[in-house]
Amino acid sequence: MINHEIKIAFEEYNSFEELNKKDQALCLEAVKALKGSHSPYSNFSVGAALRLQSGRIIYGSNQENAAYPSGLCAERVALFAWGANYANDPIESLAVTAYTAKFVINKPITPCGSCLQVLAEYEKKQAQPIRTLLYCQEGSVWVTNGVESFLPFLFFEDRLVTVPV
C-alpha cells in the first residue's frame with residue numbers, strides 16, 4: 001500500500017484593497033459581468049471576467065432556465081466565449097464574484113465541479129495555469145494559480161486525444 005497526501009495552496013487576502021491594481025481591476029470587471037446575469041429562479045447572480053494576454057476582457061454571467069439543467073454557470077459562459085472567439089489569446093486570469101439581495105455573501109464563492117473541469121481543459125489547451133481570483137465583495141479574496149488547487153483529480157485521458165498523422 002502507498003499512502004498519498006494531497007495539499008492545496010491558495011492565497012487569502014482579507015480585503016480587495018490588499019490586491020495589486022491589475023487584480024483589483026479584474027475583480028471590478030467581474031462585478032460588471034453581474035449585470036448580464038439571468039437568475040430569476042435562484043436570485044443568485046454570478047459574474048466572471050477573463051483577462052487575456054492581450055489585455056482583452058471576456059465576460060460571463062450565470063444564465064438560468066426554467067428547465068434547470070439547461071442553464072449555465074458564469075465561469076463556463078466566459079470560458080466558452082473565449083474558446084469560440086479568442087483561443088489564440090491565452091487566458092491570464094479569471095475573476096469570479098456573486099451577489100444576492102437575499103443575504104450577505106461573506107466568503108468567496110467557488111466554481112462548481114463542471115466549471116473546474118472546463119477550466120482544467122482550457123489550462124491544458126493553452127499549456128499554462130489560469131490565475132483564479134474568487135472575489136467576495138463583503139469579505140476576503142482567494143487566489144489560486146491553476147485549477148489543481150480546487151480539483152486535484154482532474155479528468156484527463158490522453159488516449160482520447162487523436163494525434164494527426
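Above this text sits the structure in question.
A brief look at the structure comes next. Every chain is numbered independently, its residues counted from 1 as its sequence is written. Only residues with pLDDT of 70 or above have their local features reported here, since the model is predicted, and side-chain atom pairs are shown and tallied only from 80 upward, although totals for entire chains, interfaces and linings are computed over all residues. Hydrogens and water molecules were not included; the side-chain quantities draw on all heavy atoms of the structure.

1. As for helix α1 (residues 21-33)
Only DSSP runs of H or I with at least four residues qualify as helices, and only runs of E with at least two residues qualify as strands; both kinds are numbered from the N terminus onward. A helix is expected to reach a length of 1.5 Å times the quantity of its residues less one. Here α1 contains 13 residues, and its C-alpha end-to-end distance of 19 Å stays within 8% of the 18 Å for a straight helix at 1.5 Å per residue. Inspection of α1 places D23, Q24, L26, C27, E29, A30 and A33 among the buried residues, and these make up the whole buried set. If you check the start of α1, you find a side-chain oxygen 3.1 Å away from the backbone N of K22, and it comes from N20. Using a 1.4 Å probe on the protein chains alone, a residue whose accessible area is under 20% of its type maximum counts as buried, one over 50% counts as exposed, and one in between counts as partly exposed. Pairs of N or O atoms within 3.5 Å make up the polar contacts considered here, provided that, within protein, one atom can donate a hydrogen while the other can accept it, and that residues adjacent in sequence are counted only when both atoms are side-chain atoms.

2. Section: helix α3 (residues 113-126)
Counted at 1.5 Å a residue, the expected span for α3 with its 14 residues is 20 Å, and the 20 Å between its end C-alpha atoms agrees. Listed in full, the buried residues belonging to α3 are C115, L116, V118, L119, A120, Y122, E123 and Q126. Where α3 is buried, its residues contact α2 (74-85), β4 (91-99) and β5 (131-135). Positioned one or two residues after α3, A127 has a phi angle of 55 degrees, which is positive. Residue contacts are counted whenever heavy atoms from the two residues lie within 4.5 Å of one another.

3. Side note on the nonpolar core
A general trend in soluble globular proteins is that nonpolar side chains are found buried together. Here, the term nonpolar core denotes a set of buried Ala, Val, Leu, Ile, Met, Phe, Trp, Tyr and Cys residues that are joined through side-chain atoms within 4.5 Å. Ranked by internal contacts, the top residues of the largest apolar core, which has 23 residues, are L50, L79, I91 and L94. Elements represented by at least two residues in this core include exactly β2 (45-52), α2, β4 and α3. Looking at this core element by element, the count peaks at 5 residues for α3. Apart from the residues lying within four places of it in its own chain, the contact partners of L94 are L26, A48, A49, L50, L119, I130, R131, T132 and L133. One finds F16, L26, C27 and Y135 within the second-largest nonpolar core, a separate group that totals 12 residues.

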